[in-house]
Amino acid sequence: YGMTNHSSKVDSQGAILALDYGDQRIGLAVTDAEHAQALAHSTIPAQPPDVAVSALQRVIAAENVERIVIGLPLTLEGREGEQAQKTKAFAATLAERTGLPQEFADERFTSAAAEEAAAAKGTSPDAEAARLILEGWLSQQSRKKHEAA
């Protein structure tokens, strides 16, 4: 078809899905195939939780997700408050249902930036927050790679 597949390793690499979990809504973001950038995806209702998990399973299938990064809302002191506990409980349910590896990412400083980005782009603040969580996670991974090299 005239399309050259210049890299076979991309095929085996699934996307990474980031979640910004809230009581009302969950913001979603996914990476592109190369894991080069984070893209705001969508927002789904967080309630009821089993419906939210089913919606996430559809996204996981559609986007070929291989790993989930979940924003963990720590307090400014870096401790886990009530919201972090709720997030972890939801994550446990998701892990059970999907069997995908999960990582938590500190999301303390994403909210204000997400509001600004959302206002500028006319997108959902929840999806933008997920994108910022994912961007932070990706840059951390590339730093780790450089340190290991």
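All of the points below concern the structure found in this document. (Residues numbered from 1 in each chain as written. Predicted model: local features only at pLDDT ≥ 70, side-chain atom pairs only at ≥ 80, totals over all residues. Heavy atoms only, no water.)

This next bit is on the packing of aromatic side chains. The final tally for this structure, using the stated rule, is one aromatic pair. With centroids separated by 4.7 Å and ring planes inclined at 20°, the aromatic side chains of Tyr21 and Phe90 adopt a geometry described as stacked. Taken together, the residues span a long stretch of sequence, with Tyr21 in strand S1 (residues 15-21) and Phe90 in helix H3 (residues 82-98) at a distance of 69 residues. By relative accessible area, Phe90 is classed as buried at 6%. (Phe/Tyr/Trp six-rings, centres within 6.5 Å; stacked < 30°, edge-to-face > 60°. Helix = DSSP H or I, 4+ residues; strand = E, 2+ residues; numbered from the N terminus. Buried < 20%, exposed > 50% of the residue type's maximum accessible area, 1.4 Å probe, protein only.)

Take the nonpolar core next. The nonpolar side chains of soluble globular proteins are, as a tendency, buried together. Within the largest apolar cluster, 21 residues are counted, with the highest numbers of intra-cluster contacts made by Leu17, Leu19, Ile26, Leu28, Leu56, Ile68 and Phe90. Among the elements of the structure, S1, strand S2 (25-31), helix H2 (49-63), strand S4 (65-72) and H3 are those that each provide at least two residues to this core. In this structure, Leu19 is in contact with Ile26, Gly27, Leu28, Leu56, Ile68, Val69, Ile70, Gly71, Phe90, Leu94, Ala130 and Ile133, ignoring residues within four places of it in sequence. If you look at the next biggest cluster of nonpolar residues, it comprises eleven residues, including Ala18, Ala29, Ala130 and Ile133. (Core = buried A, V, L, I, M, F, W, Y, C linked by side-chain atoms within 4.5 Å. Contact = heavy atoms within 4.5 Å.)

What follows concerns the sheet that holds strand S3 (residues 38-45). Taking strand neighbours across the sheet as the criterion, the five strands line up as S3-S2-S1-S4-S5 in an open arrangement whose pairing is mixed. Each end of this open sheet is capped by a strand with a single partner; those strands are S3 and strand S5 (102-106). In this sheet, neighbouring strand axes are inclined to one another by 25° on average, regardless of whether the strands run parallel or antiparallel. Of the pairings in the sheet, the one linking S1 to S2 comprises five bridges and is antiparallel in character. Residue pairing across strands places Tyr21 opposite Ile26, the latter belonging to S2. (Pairing = 2+ DSSP bridges. Axes fitted to C-alpha atoms, helices over the stretch in contact; angles between N-to-C directions.)

The next thing to look at is the packing of helix H4 (residues 110-121) against helix H5 (residues 125-148). At a minimum axis separation of 8 Å, H4 and H5 run at an interaxial angle of 125°. One finds that H4 runs oblique with respect to H5. As for the relative orientation of H4 and H5, their crossing is right-handed in sense. Of the residues in H5, those touching H4 at Thr110, Ala113, Ala114, Glu115, Ala117, Ala118 and Lys121 are Pro125, Glu128, Ala129, Arg131, Leu132 and Ile133. Residue composition of the contact of H4 with H5, grouped by class: eight nonpolar, one polar and four charged. (Parallel < 35°, antiparallel > 145°, perpendicular 65-115°, else oblique. Left-handed = near helix turned anticlockwise from the far one by under 90°. Nonpolar A, V, L, I, M, F, W, Y, C, P; charged D, E, K, R; others polar.)

Side-chain pairing between opposite charges can occur once the charged atoms of the two side chains come close. Taken as a whole, this structure holds eight salt bridges when the rule is applied. Of the charged contacts, one joins Glu82 and Lys86 as a salt bridge, the two residues approaching to 3.7 Å between their closest N and O atoms. Of this pair, Glu82 and Lys86 both sit in helix H3, four residues apart, roughly one helical turn. The residue Lys121 makes a salt bridge to Glu128 at a minimum N-O spacing of 3.3 Å. Judged by its relative accessible area of 1%, Glu128 falls in the buried class. A single salt-bridge network, built from bridges that share partners, covers Lys121, Glu128, Arg131 and Glu135. (Salt bridge = Lys/Arg side-chain N within 4 Å of Asp/Glu carboxyl O.)

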